[in-house]
Amino acid sequence: MNYSRFLTSLALSRKPSPIRELTKLLVSASPDLIFLAGGVPNPELFPFKSLSVSLDDGSEIQLNSNDIKSALQYTETRGYPNLVKHLKELQKYLHEPPSTTDWEIVVTNGSQDGLCKAMEMLVDHGDYVLLEEPCYAGTLSILHPYKPKWLPLSGDKDGLIPSSLKRALDNYKGKDTGSPIEKGPKILYLNPNGANPTGTSISTPRRYEIYKLAQKYDLLILEDDPYYFLQFGEEKSPSFLSLDTDGRVLRFDSFSKILSSGLRLGFVTGPKELVERINLHMQVSVLHASTLSQVLVSQLFDRWKIDGFLSHSSKVSTFYEKQRDHMAAAAEKHLKGLVEWHMPSGGMFLWMKCLHVEDTKAMIMERALPKDIILLPGQAFMTDPNKASPFMRAAFSLATPEKMDIGFAKLAELIREEIQLQRK
């Protein structure tokens, strides 16, 4: 593919940092290299000399003096080499990217860091952006400063509806002067599994339809998939990366939901030409993701291998599936007739529509906290944050089943009081 039409002028103007390129050489250099090129701190002066981390199985990861020197030192921008190797093996195992285009990986400070840099690479002020509404609030916050022309798409319990995407693209044609290929929508943002906030996953047949539409209309797909490992059920749906024969998918993965959010590690997988642009941005911003976090996860993969990581991920997914069931039971007990919802197929959230409340914002932001309960109002997930929304999002990740029951009893009371307020 020719990516020139997708890249912003800012992204095209980025050049490699000479210092970062030298650091790449240092990481892979012979021990005999006399390095006089960069301001690399002397590790002998680091006050930290070793580190031991206990795992939940009782074993330990030990970073000896040499390990800790690497873990506390600069590393390559694209990632700590051994971790990058593990991640490439993981992506091949899970997704088998079929594209004939060379694909690459860059490790980021959480997946949102990669997503933010990808948006700067692809979105100019006033560009069209295709996304399912409601949409993850963090993505909307990234995009709002670009003042995009929103093309919000519809979804249901099976995720994004392909006909909604086709209709938006067909309706666009002819609205601008000139060619839609030059001026039209370029990117489609997707949260394909256990979506935030809806908890929906795009069904497998729809994924094929959506990819074909992306081919027909020459779109790049931004596959933001932090809940990939939190799909409930035995089989996982194929990723868009696994369908990508053209090199038009940028995939964003995260360790936050599986290993730790505080590690701040995610990774972007996609066409080498696009991933390199993100790499160049990182060279002049964060330099690289935390080396210490990368070394810890790298050693975890050394020990666990892919099978051990997937076994751990399965345990995490099973926990959240049980949490979902507890929250759904509490909703059935307390909220029936007041809200409607569908069973989340993954992720951490229950998305609810109040049947008799037109706008949940004031109810939640002003009147929920005195009852010792807090959710997020639906407005936070809409392209127009000023438009009234009857929706709200509840997270089932932290609360115990007992607290869910108490919380939803309080929520039911709050909704009934809000209905009375509206009638006055």
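If you're wondering where the values come from, they're calculated on a predicted model, not measured in any experiment.

Reading guide: rules and limits
Residues numbered from 1 in each chain as written. Predicted model: local features only at pLDDT ≥ 70, side-chain atom pairs only at ≥ 80, totals over all residues. Heavy atoms only, no water. Helix = DSSP H or I, 4+ residues; strand = E, 2+ residues; numbered from the N terminus. Buried < 20%, exposed > 50% of the residue type's maximum accessible area, 1.4 Å probe, protein only. Contact = heavy atoms within 4.5 Å. Areas by Shrake-Rupley, 256 points an atom, 1.4 Å probe, with all protein chains shown as cover. Lys, Arg positive; Asp, Glu negative; His and termini not counted. Charge placed at Lys NZ, Arg CZ, Asp CG, Glu CD. Core = buried A, V, L, I, M, F, W, Y, C linked by side-chain atoms within 4.5 Å. Phe/Tyr/Trp six-rings, centres within 6.5 Å; stacked < 30°, edge-to-face > 60°. Lys NZ or Arg CZ within 6 Å of the ring centre and 35° of its normal. Axes fitted to C-alpha atoms, helices over the stretch in contact; angles between N-to-C directions. Parallel < 35°, antiparallel > 145°, perpendicular 65-115°, else oblique. Left-handed = near helix turned anticlockwise from the far one by under 90°. Nonpolar A, V, L, I, M, F, W, Y, C, P; charged D, E, K, R; others polar. Pairing = 2+ DSSP bridges. Right-handed = clockwise from strand over helix to strand, strands pointing away.

### Considering the overall build of the protein
Piece 1. In terms of helices and strands, the protein carries 14 helices and 15 strands.
Piece 2. Taken over the C-alpha atoms alone, the protein extends approximately 80 × 60 × 40 Å along its principal axes.
Piece 3. Across the 424 residues in the protein, those meeting the buried criterion constitute 50%.
Piece 4. Across the protein, the fraction of contacts at a sequence separation of at least 24, relative to all contacts at a separation of at least 6, is 73%.
Piece 5. Looking at the protein as shown, the accessible area adds up to about 19600 Å², and 53% of this sits on carbon and sulfur atoms.
Piece 6. The distance from the centre of the 50 positive side-chain charges to the centre of the 51 negative ones in the protein is 3 Å.

### A short note on the nonpolar core
Piece 1. L335, M352, M392, F408, L411 and I415 are the most contacted members of the largest nonpolar core, which totals 60 residues.
Piece 2. Top element by residues in this core is helix α12 (residues 291-334). It accounts for 13 residues.

### Focus on the packing of aromatic side chains
Piece 1. Counted under the stated rule, the structure contains eleven aromatic pairs.
Piece 2. Ring geometry for Y228 against F229: centres 5.0 Å apart, planes inclined by 85°, an arrangement best described as edge-to-face.
Piece 3. Since its relative accessible area comes to 7%, F229 is described here as buried.
Piece 4. Note on F319 and Y320: the rings are 5.1 Å apart at their centroids and 75° apart in plane angle, and the pair reads as edge-to-face.
Piece 5. Judged by relative accessible area, which is 41%, F319 ranks as partly exposed.
Piece 6. Of the residues examined, Y320 reaches a relative accessible area of 13% and is grouped as buried.
Piece 7. A network of ring pairs unites the aromatic residues Y228, F229, F255, F267, F301 and F309 as a single cluster.
Piece 8. One residue, R5, lies across the ring of F6, its end atom 4.6 Å from the ring centre.
Piece 9. Across from the ring centre of Y128, 5.4 Å away, lies the NZ or CZ of K149, which sits over that ring.

### Description of the packing of helix α7 (residues 162-172) against helix α9 (residues 204-216)
Piece 1. Interaxial distance between α7 and α9 falls to 9 Å at its minimum, and their mutual angle equals 15°. One element, α7, and the other, α9, form an angle in the roughly parallel class. You can see that α7 and α9 cross each other, and the crossing is left-handed. Residue-level contacts link P162, L165 and K166 of α7 to R206, E209, I210, L213 and K216 of α9.

### Considerations on the packing of α12 against helix α14 (residues 401-423)
Piece 1. Closest axis-to-axis distance for the α12/α14 pair is 9 Å, and the angle between their directions is 35°. Note that α12 runs across α14; the crossing there is right-handed. Residues Q323, H326, M327, A330, A331, K333 and H334 of α12 form the contact with α14, whose own contacting residues are P401, M404, D405, F408, A409, A412 and R416.
Piece 2. Split into classes, the residues belonging to the contact of α12 with α14 amount to eight nonpolar, three polar and three charged.

### Side note on the pairing of strand β4 (residues 128-132)
Successive side chains on a regular strand alternate, one facing one side of the sheet and the next facing the other.
Piece 1. Within β4, five of the five residues are buried, which leaves it mostly tucked inside the rest of the structure.
Piece 2. Burial along β4 is two-sided: the face carrying Y128, L130 and E132 and the face carrying V129 and L131 are both buried.
Piece 3. Here β4 runs beside strand β5 (residues 149-153); their pairing, made up of five bridges, is parallel. Paired with V129 across the two strands is W150, which belongs to β5.
Piece 4. Each parallel crossover has a hand, and the one from β4 via helix α6 (residues 137-143) to β5 is right-handed.
Piece 5. Sheet topology note: the β4/strand β8 (residues 187-190) ladder contains two bridges and is parallel.

### Notes on the pairing of strand β11 (residues 266-271)
Piece 1. The buried fraction of β11 amounts to six of the six residues, a majority that puts the element mostly inside the structure.
Piece 2. Two elements, strand β3 (residues 103-108) and β11, share six bridges in a ladder whose sense is antiparallel. Along β11, the bridge assignment pairs I105 with T269.

### A look at the environment of E60
Piece 1. Summarising the element assignment, E60 is placed in strand β2 (residues 60-63).
Piece 2. In this structure, the C-alpha to C-alpha distance between E60 and A331, residues 271 residues apart in sequence, is 41 Å.
Piece 3. Discounting chain neighbours no more than four positions away, the residues touching E60 are S52, V53, S54 and R303.

### Notes on the environment of Q112
Piece 1. When you line up the elements, Q112 lands in helix α5 (residues 111-122).
Piece 2. Residue class for Q112 comes out partly exposed when judged on its relative accessible area of 30%.
Piece 3. Measuring from C-alpha to C-alpha, the distance between Q112 and M348 comes to 17 Å, with 236 residues separating the pair along the chain.
Piece 4. If near-sequence neighbours (up to four positions away) are discounted, Q112 is found in contact with Y136, G138 and I142.

### Observations regarding the sheet that holds β4
Piece 1. The sheet built from seven strands is open, its strands ordered β3-β11-β10-β9-β8-β4-β5 with mixed pairing. Single-partner strands in this sheet number two, and they are β3 and β5. Each adjacent strand pair in this sheet contributes to an overall mean axis angle of 20°, direction not counted.

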